[in-house]
Amino acid sequence: MLVVMQQDATSEDIRRVVKVIEDMGYQARPIPGEQRMAIGVVGNDGPVDSARAEGLPGVQEVISVSSPYKLVSREWKKDDTLIPLFNGTVIGGNRTVVMAGPCGVEDEAQLLETAEAVALAGATILRGGAFKPRTSPYSYQGMGIEGLKLLAKARDRYQLAIITEAIDLESLDAVEEYADIIQIGARNMQNFSLLRRAGRAKKPVMLKRGLSATLKEWLLAAEYILAEGNEQVIMCERGVRSFETYTRNMVDINAIPVIKQLSHLPIIADPSHGTGRRELVAPIARAAVAAGADGIMVEVHRDPTTAKSDGPQSLYPEQFRAMMADLHRISDVMGKPLTASLNARGH
Ligand code: PEP
Ligand code: MN
């Protein structure tokens, strides 16, 4: 339920509404707007009796929020959520952003050379896992804190914002300290204690869709983060499990317009994990931008043949450059121009 106050409602009117909501056993979340204040009701599982709020002084209308998720819903907040980063990049709204970099941070030269290549091609956000959630315990697990330090070095050198994954509570503390965006991976989408901790973090969070999560489960997972107070959340469609074996996953293009319709949160597509094959990354990236995605996350490696993880889906730098040229044109057509790095050649 959302209580919309009249434009001239007094702070006393607002206090009264908050008290009534609290007396009913729920929490009140004041949402200041440009025109007027709204007060959201959270903590309820089912319908709330709106009658008590409706007649109060200063109340314009009471809107019932029909979805099981509230804070993430468009009913709750009509305007797109914007996520500004230190280098001028803004995620969400009327622009398209690109996050690129290796699957994992492997060593200084690998990271810095790849970072330079993606920055020159126009990416403004560098990805790279320092803590890797691997299916096999014998696969490359990442460099840990040393990897985070290398990411910070790349940020300083190329003015790239950093996104990197936290796989548990301990790594989240470290990632929060070093990164600009905390990534929660597909395998942790329903790790509710991790989601709650991310909700208390002071940095934006990108929540990847679980391997076989429905859109409702995914939005409810995001709700955990917002419910703890962190409203800077980005959704990431990275493909779901399907019966098909040719590709690693199946990118759910449907999810892009659906999430935009149901939620105010920005949505990024990850065609690297979504396809598992580098020759499919650019076509699916183009499709995602055409479907209205707010950005793309792709894996790029200076030499994918030597990558310690996800080499087959990692782009060569020149493939990344070609993809960026296409995304420039498609994002212009969509009215959401690509945010390009100042380092980019020709821009
Ligand atoms: C990743 O981005 O490197 C990753 C592990 O992705 P996902 O959680 O989507 O599998
Ligand atoms: Mn990967």
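What you are looking at is a predicted structure, and each value in this text was computed from that prediction instead of being measured.

A. Up close: the site of ligand 1. Near ligand 1, the surroundings consist of Arg127, Lys132, Glu165, Gln183, Gly185, Ala186, Arg187, Lys208, Arg238, His273 and Glu299. Take Lys132: an N or O atom from its side chain is 2.9 Å from an oxygen atom of ligand 1. Gln183 is positioned such that a nitrogen or oxygen atom in its side chain is 2.9 Å from an oxygen atom of ligand 1. Expressed as a share of its isolated accessible area of 300 Å², the protein-covered part of ligand 1 is 96%. Of the residues that constitute the shell around ligand 1, the class distribution is 1 nonpolar, 3 polar and 7 charged.

B. How the structure looks around the packing of aromatic side chains. Following the criterion strictly, the structure yields 1 aromatic pair and no others. On the numbers, 4.5 Å between centres and 25° between planes, the contact of Phe192 with Tyr224 is stacked. With Phe192 in helix α6 (residues 192–199) and Tyr224 in helix α7 (residues 215–227), the pair connects residues that are 32 residues apart, well separated along the chain. On the basis of relative accessible area, Phe192 is assigned to the partly exposed category, the value being 34%.

C. Main features of α6. Taken together, the buried positions of α6 are occupied by Leu194, Leu195, Arg197, Ala198 and Gly199. Looking at the buried side of α6, the elements it contacts are α5 (169–178), β10 (181–184), β11 (205–208) and α7.

D. A look at the sheet that holds strand β2 (residues 27–32). If you walk across this open sheet you meet the 4 strands as β2-β3-β1-β4, and the pairing is antiparallel. Whereas interior strands pair on both sides, the edge strands pair on one side only; in this sheet they are β2 and β4 (59–63). Adjacent strand axes in the sheet meet at a mean angle of 20° when their direction is disregarded. As judged from the 4 bridges shared by strand β1 (residues 2–5) and β4, these two strands associate in the antiparallel manner. Counterpart to Met5 in the pairing with β4 is Val59.

E. Summary view of the coordination of the manganese ion (ligand 2). Every protein donor of the manganese ion (ligand 2) is accounted for by Cys103 (SG), His273 (NE2), Glu299 (OE) and Asp310 (OD), and the metal-donor separations fall at 2.0 to 2.4 Å. As a motif over one chain, the donors of the manganese ion (ligand 2) read C-x169-H-x25-E-x10-D. Residue Cys103 is located in the loop between β7 (97–101) and α3 (108–120), and its partner Glu299 is located in strand β14 (residues 295–299); the two are separated by 196 residues in the primary sequence. Here Cys103 matches Glu299 in class, with each residue buried.

F. A look at the sheet that holds strand β8 (residues 125–127). One closed barrel accounts for 8 strands, arranged β7-β8-β9-β10-β11-β12-β13-β14; its pairing is parallel. Between one strand axis and the next, the sheet turns by 25° as a mean value, whatever way the strands run. Looking at chain direction, β10 and β11 are connected through 3 bridges and run parallel. Looking at the pairing, Ile184 lines up with Leu207 of β11. Helix α4 (residues 145–158) contacts β8 and β9 (161–165) of the sheet and is inclined by roughly 160° relative to β9. Sheet contacts for helix α8 (residues 255–262): β12 (233–237) and β13 (267–269); angle to β13, the most-contacted strand, approximately 170°.

G. Layout of the packing of α3 against α4. Remark: α3 packs on α4, axes separated minimally by 10 Å, with the N-to-C direction vectors making an angle of 35°. Relative to α4, the crossing made by α3 is right-handed. Residues Glu108, Leu111, Leu112, Ala115, Glu116 and Ala119 of α3 form the contact with α4, whose participating residues are Leu150, Leu151, Lys153, Ala154, Arg157 and Tyr158. Classifying every residue of the contact of α3 with α4 gives 8 nonpolar, no polar and 4 charged.

H. Here's a closer look at α7. The end-to-end C-alpha distance of α7 is 18 Å, a good match for the 18 Å that 13 residues give at a rise of 1.5 Å each. Every buried residue belonging to α7 is among Leu215, Trp218, Leu219, Ala221, Ala222, Glu223, Ile225 and Leu226, and all of these are buried. Downstream of α7 by one or two residues, Gly229 has phi in the positive range, about 115°.

I. Fine view of the nonpolar core. Among the nonpolar cores identified, the biggest contains 75 residues, and Leu126, Leu207, Trp218, Met235, Phe320 and Met323 are the most heavily contacted of them. The element that contributes the greatest number of residues to this core is α7, accounting for 7 residues. In this structure, this core is formed jointly by two domains, domain 1 (2–63) and domain 2 (83–333), each of which donates at least three residues. Setting aside residues no more than four positions away along its own chain, Leu207 makes contact with Ile184, Met189, Leu195, Trp218, Ala221, Ala222, Ile225, Ile234, Met235 and Cys236.

J. Region of interest: the side chain of Asp13. Checked against the element boundaries, Asp13 lands in helix α1 (residues 11–23). Its relative accessible area of 12% is what places Asp13 among the buried residues. Those residues in contact with Asp13 that sit more than four places away from it in its chain are Met5, Pro57 and Gly58.

Conventions and cut-offs
Residues numbered from 1 in each chain as written. Chains lettered and ligands numbered in written order. Predicted model: local features only at pLDDT ≥ 70, side-chain atom pairs only at ≥ 80, totals over all residues. Heavy atoms only, no water. Near = heavy atom within 4 Å. Polar contact = N/O pair within 3.5 Å; in protein donor to acceptor, adjacent residues only side chain to side chain. Areas by Shrake-Rupley, 256 points an atom, 1.4 Å probe, with all protein chains shown as cover. Nonpolar A, V, L, I, M, F, W, Y, C, P; charged D, E, K, R; others polar. Phe/Tyr/Trp six-rings, centres within 6.5 Å; stacked < 30°, edge-to-face > 60°. Helix = DSSP H or I, 4+ residues; strand = E, 2+ residues; numbered from the N terminus. Buried < 20%, exposed > 50% of the residue type's maximum accessible area, 1.4 Å probe, protein only. Contact = heavy atoms within 4.5 Å. Pairing = 2+ DSSP bridges. Axes fitted to C-alpha atoms, helices over the stretch in contact; angles between N-to-C directions. Donors = N, O, S within 2.8 Å, 3.2 Å for Na, K, Ca; no water. Left-handed = near helix turned anticlockwise from the far one by under 90°. Expected span 1.5 Å × (residues − 1). Core = buried A, V, L, I, M, F, W, Y, C linked by side-chain atoms within 4.5 Å. Domains from an automatic or database assignment.

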